[in-house]
Amino acid sequence: MSAFAQLNPRHWSLGFKGGAIIVTSLALLVGSAATSYTLERNTAAATADMLRTMQAQADIQRLHTQIAEAATGVRGYLLTGRDDFLVPYHTAAEQLPATLASLQARAVDPEQLASLARITPLLRRKLASLNLMRGQRNASAAELQAHLASSKQILDQLRTEIAVMNLREAALVEQRTLALQHASNRNLWMAMIVIGAGMAGAMATLTFTLGLVRRVRLAAENAERLSNDLPLKPTPSTTDELGQLADRLHQASVLLAGRASAAQAASRAKTEFLARTSHELRTPLNAILGYAQLLEAGLREPREREHAEHIRQAGQHLLALINEVLDIGRIEAGKLTLACVPVALAPLLDEAMMLMAPLARQRGVQLRHDHAGLTAAVLADRQRLLQALLNLLSNAIKYGPRDGVVTIHLAIDDELAAIQIDDNGPGITASLRTRLFAPFDRLGAERGKTEGAGLGLAVSKALMQAMGGDVVLHDKAGPGSRFTLTLPLATTAATQAAAGADAQAQADQPAPAPALPPASVSTHHLLCVEADPATRILVATLAQRRPHWRVTAVPDAAEGLRVAQTDHPDLLLLAANLAGEPWLTLPTAVVLLGSDIDHAEHSLPHLAKPLDIPAFFALLDSTGQST
């Protein structure tokens, strides 16, 4: 920064600027006080000079009057011989020394002092002359006339000197009047200057304070925006403490933005890793679960069937864990696909209780509900809502006591439906509630024997919020926990349509197809286009249980399309990632085979991977009966 730029007040420190304002204000205050004191003293001095001058004028006039009265009294005495004419003389003789002393005390002007020095001997001579004349009443006329002429000469000199003093005093009065007026004017101007300086100081202090408050508020707002990962507002270019704070906040925002970008990149990488890992895990799981189901169905020895069942259950547990991890990844990446439609609650709750009944029987838990006869419907993705319900019911059964009770209560208001799931377990302490919906946090249950990965509640809450609802933990009377799922209600017409659709779906469900008798020759052709060799082998192995089906399994789309166009198979199992226009033009029933099929994108029937063996056989049997 240049030396000129450093002189800009914006770059001074707050301490220096605050100190400068305080020192300036104090200097103005002290200067104002000193100036006021000086002006007051000058005004007082001018006023005192003016009073002294006016009193001196009065003394001069009194001196002149007393001399004239003394002379008049002596002349009257000489003419009449009466003593009463000497009263003014005696009075003047007594007062003249005091008047002269007062005039000498007030006189400070050199010219007046010089006049007094001349007047004093003349006054003494005049008094002596009057005293002499007073004693010559019987003198001759010539002597008396000589004395009168001499006395008049002294009087004329006194009058001349007094006139000079009067003129000088008049000049002094005018001069000191001007001085007093100038002092008053100076007082007025100085008062105006002090008021202006005070207002300027107040405005400077107010401006500094308002600017400081505005910048502090801006810094606080930027700190809030920084905590919310929002861009910062621009700040003035300064190098004081607030400017340094703004620079550090900007640096922190840049650093956090970089870290956020890195975190987003890491999250994307994690999601991609989970997707790839899921595919890699699902591929062997497809074979494990498929062959486990075949083993379980083909074994007769109870112990061997039990072992096969353990393999299948472990595989299904691993598959459920993979699905939950994938759901978390999709939700975090914003790629979760939902189809929210009116869903009737009563049939859905019945289905959830039916699916949870085996686990409840295993632990001796009673499942109770009070939703019979209700026809309410909510806007939700049916599969995802069922998933959230199963997660919460499973937790209530697994973590509650054996031989306990789990109750489902449905509450409806004007806009929301609330599904309450109560258990009578140990409950959740207040210290653990902040961690309740954190992924992979089992709140200490990992030290127990209950299986789990700590994803069920996190996935359920994310799914409910994605559908416009929520999952919360509420307090309840007595022991246990109460989890409440809330969702917006559908309209009345949509509710009736959803209830009718569920009833029609249950009525239209076909009865299980009877197993076809073995045939000596293949009468149907199945084409499987799948890159995974384990899946192709599993499909071929399963098809052997239906001898009337002949299986062709190819690994790539080109070979599969050639076989389909040449042999015209009765059924085409197509990997979901290969679905496209060429396959839709074939006169063949096409069923997609995949683990994560977007139903909004693909309207074709599908089979999930890992394969559900009964569903696969049902597909073969229904296709065989219709062709």
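Reading the values: rules and limits
Residues numbered from 1 in each chain as written. Predicted model: local features only at pLDDT ≥ 70, side-chain atom pairs only at ≥ 80, totals over all residues. Heavy atoms only, no water. Axes fitted to C-alpha atoms, helices over the stretch in contact; angles between N-to-C directions. Helix = DSSP H or I, 4+ residues; strand = E, 2+ residues; numbered from the N terminus. Parallel < 35°, antiparallel > 145°, perpendicular 65-115°, else oblique. Left-handed = near helix turned anticlockwise from the far one by under 90°. Nonpolar A, V, L, I, M, F, W, Y, C, P; charged D, E, K, R; others polar. Buried < 20%, exposed > 50% of the residue type's maximum accessible area, 1.4 Å probe, protein only. Pairing = 2+ DSSP bridges. Lys, Arg positive; Asp, Glu negative; His and termini not counted. Salt bridge = Lys/Arg side-chain N within 4 Å of Asp/Glu carboxyl O. Contact = heavy atoms within 4.5 Å. Right-handed = clockwise from strand over helix to strand, strands pointing away.

Where do I start with the packing of helix α4 (residues 110-134) against helix α5 (residues 141-227) in this structure?
Interaxial distance between α4 and α5 falls to 9 Å at its minimum, and their mutual angle equals 155°. For the element pair α4 / α5, the angle class is roughly antiparallel. Relative to α5, α4 is oriented so that their crossing is left-handed. Broken down by class, the residue content of the contact of α4 with α5 amounts to 15 nonpolar, six polar and seven charged.

What is the right way to read the pairing of strand β11 (residues 589-594) from this model?
Residues in a regular strand project their side chains so that they alternate between the two faces of the sheet. Taking burial as the measure, the six residues of β11 include five buried ones, the bulk of the element. As paired elements, β11 and strand β12 (residues 606-608) share three bridges and run parallel to each other. Its bridge partner being in β12, L593 is matched across the sheet by L607.

Would you mind going over the side chain of R536 with me for this structure?
Summarising the element assignment, R536 is placed in helix α12 (residues 533-543). No salt bridge is formed by the buried R536; its nearest oppositely charged neighbour, E530, is found at 6.5 Å. R536 has contacts with E530, A531, A553, V554 and P555, leaving out every residue within four places of it along the chain.

I keep staring at the pairing of strand β9 (residues 549-554) and nothing clicks. Help me out?
Relative to β9, strand β8 (residues 524-529) runs parallel, the two being bridged by six bridges. By the bridge assignment for β9, V529 is matched with V554. Between the parallel elements β8 and β9, the chain passes through α12 in a crossover that is right-handed.

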